[in-house]
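Here is how the chains run, residue by residue.
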Amino acid sequence: MKLHTTPSSPFGFMARIRILEKSLQDRIRVIPAKTRTIDSPYYQVNPSGRVPYLILDNGMGLEGSQLICAYLDHLDGHPRFDHPAGPDGWESRRLESLARSMLDGISVWSRELKRATDEQSPTIIAHEIARIKRMVETWEENVNHPLMNGDFNMAQLTLAVTLNIEHRMEGFEFRGTHPILTAWANRLAERPSLKELLLHLAG
Ligand SMILES: N[C@@H](CCC(=O)N[C@@H](CS)C(=O)NCC(=O)O)C(=O)O
């Protein structure tokens, strides 16, 4: 199988961490994609132009980090990351959505900053910065939830990847101001799959 992604896509990181968690490195080739470029050859591979994109052995393409992560988890017939049954399942989905909402906001902000300065919208940037500040506060209050500290799950994966963006994005800060979230992020960053991916990116 082939995973098309960019070196810095946080949505791509989720798929790549799932590959490591499920020891699928030998079965999936990670291929760099060129996104947001006029006439990129990648558009022949995935017409939406988005990453991550997983091409299965039968040629079928799967788009979207949630779908790709779920597919990879189920490949061996022993999924470990499905939402639990019952009320915890809704809690788990709620937390995942909350983390994804923060990641979606940061993505809009980051995309805006990558545009030429005279094309950037100060209104969008201010809106997203305000959103992130509120989300950091919310997570400072919610990250001690048992589901954010039990078995590794999609909510934890999504938040860990989101918080990691702080290292490369000026203006996104929680370390030094939000001790509970900082301690959580530091603990998650010690997880072997996250450590390996981040080491690989730094190298
Ligand atoms: N909901 C999608 C979001 C994917 C996404 O927005 N990827 C960005 C990179 S981080 C992308 O492909 N951007 C290229 C473009 O917008 O053309 C997912 O979960 O995978």
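Residues numbered from 1 in each chain as written. Predicted model: local features only at pLDDT ≥ 70, side-chain atom pairs only at ≥ 80, totals over all residues.

**Student:** It is not clear to me how the overall build of the protein should be interpreted in this structure. Could you clarify?
**Tutor:** Secondary structure summary: the protein contains 8 helices and 4 strands in total. In sequence order, the secondary structure elements of the protein are arranged as β-α-β-α-β-β-α-α-α-α-α-α. Taking 203 residues into account, the globule formula puts the C-alpha radius of gyration at 17 Å, and the protein, at 17 Å, falls close to it. Considered along the principal axes of its C-alpha atoms, the protein spans approximately 50 × 45 × 35 Å. (Helix = DSSP H or I, 4+ residues; strand = E, 2+ residues; numbered from the N terminus. Rg over C-alpha atoms; globule rule 2.2 N^0.38 Å.)

**Student:** Honestly, the domain arrangement of the protein in this entry has me stumped. Any pointers?
**Tutor:** Where the parts come together, the accessible area they lose is often given as the size of the interface. Segmenting the protein into domains produces domain 1 (2-74) and domain 2 (87-202). Contact residues are listed per partner, giving 9 residues for domain 1 and 12 residues for domain 2. Per-element accounting of the side of domain 1 that touches domain 2 gives the leading share, 7 residues, to helix α1 (residues 10-21). Split by residue class, the side of domain 1 that touches domain 2 holds 7 nonpolar, no polar and 2 charged. (Domains from an automatic or database assignment. Contact = placed C-beta atoms within 7 Å. Nonpolar A, V, L, I, M, F, W, Y, C, P; charged D, E, K, R; others polar.)

**Student:** Would you explain helix α6 (residues 154-164) in this entry?
**Tutor:** Because an α-helix packs 3.6 residues into every turn, residues spaced three or four apart end up facing the same way. α6 sits mainly inside the fold: 10 of its 11 residues count as buried. Regarding α6, the residues found buried are Met154, Ala155, Gln156, Leu157, Thr158, Leu159, Ala160, Val161, Thr162 and Leu163. (Buried ≥ 20, exposed ≤ 12 C-beta atoms within 10 Å, placed from the backbone.)

**Student:** Help me understand the sheet that holds strand β4 (residues 61-63), please; the structure alone is not making it clear to me.
**Tutor:** Hydrogen bonding along the main chain pairs the strands of a sheet, whether they run parallel or antiparallel. Taken in spatial order, the 4 strands line up as β2-β1-β3-β4 in an open sheet, and their pairing is mixed. In this open sheet, the two edge strands, each paired with only one partner strand, are β2 (29-32) and β4. Within this sheet the neighbouring strands show an average axis-to-axis angle of 25 degrees, counted without direction. Relative to strand β3 (residues 53-55), strand β1 (residues 2-5) runs antiparallel, the two sharing 3 bridges. Among the inter-strand pairings, leucine 3 is bridged to a residue of β3, identified as leucine 54. (Pairing = 2+ DSSP bridges. Axes fitted to C-alpha atoms, helices over the stretch in contact; angles between N-to-C directions.)

**Student:** So what exactly am I meant to see when it comes to the pairing of β1 here?
**Tutor:** In the sheet, β1 pairs with β2 via 4 bridges, with the strands oriented parallel. Residue pairing in the sheet places threonine 5 in a bridge with proline 32 of β2. In the classification by handedness, the crossover that spans β1, the intervening α1 and the parallel β2 is right-handed. (Right-handed = clockwise from strand over helix to strand, strands pointing away.)

**Student:** When you look at the site of the ligand in this model, what are you seeing that I'm missing?
**Tutor:** Neighbouring the ligand are 13 residues, the closest being Ser9, Phe11, Thr35, Arg50 and Ser65. Looking at the shell around the ligand, the elements with two or more residues in it are α1 and α3 (65-74). Residue composition of the shell around the ligand, by class: 4 nonpolar, 7 polar and 2 charged. (Near = placed C-beta within 6 Å.)

**Student:** Help me understand the environment of arginine 50, please; the structure alone is not making it clear to me.
**Tutor:** Following the sequence through the fold, arginine 50 ends up in the loop between α2 (42-45) and β3. Taking the C-beta count within 10 Å as the criterion, arginine 50 has 20 such neighbours and is therefore assigned buried. Separated by 72 residues in sequence, arginine 50 and proline 122 place their C-alpha atoms 25 Å apart.

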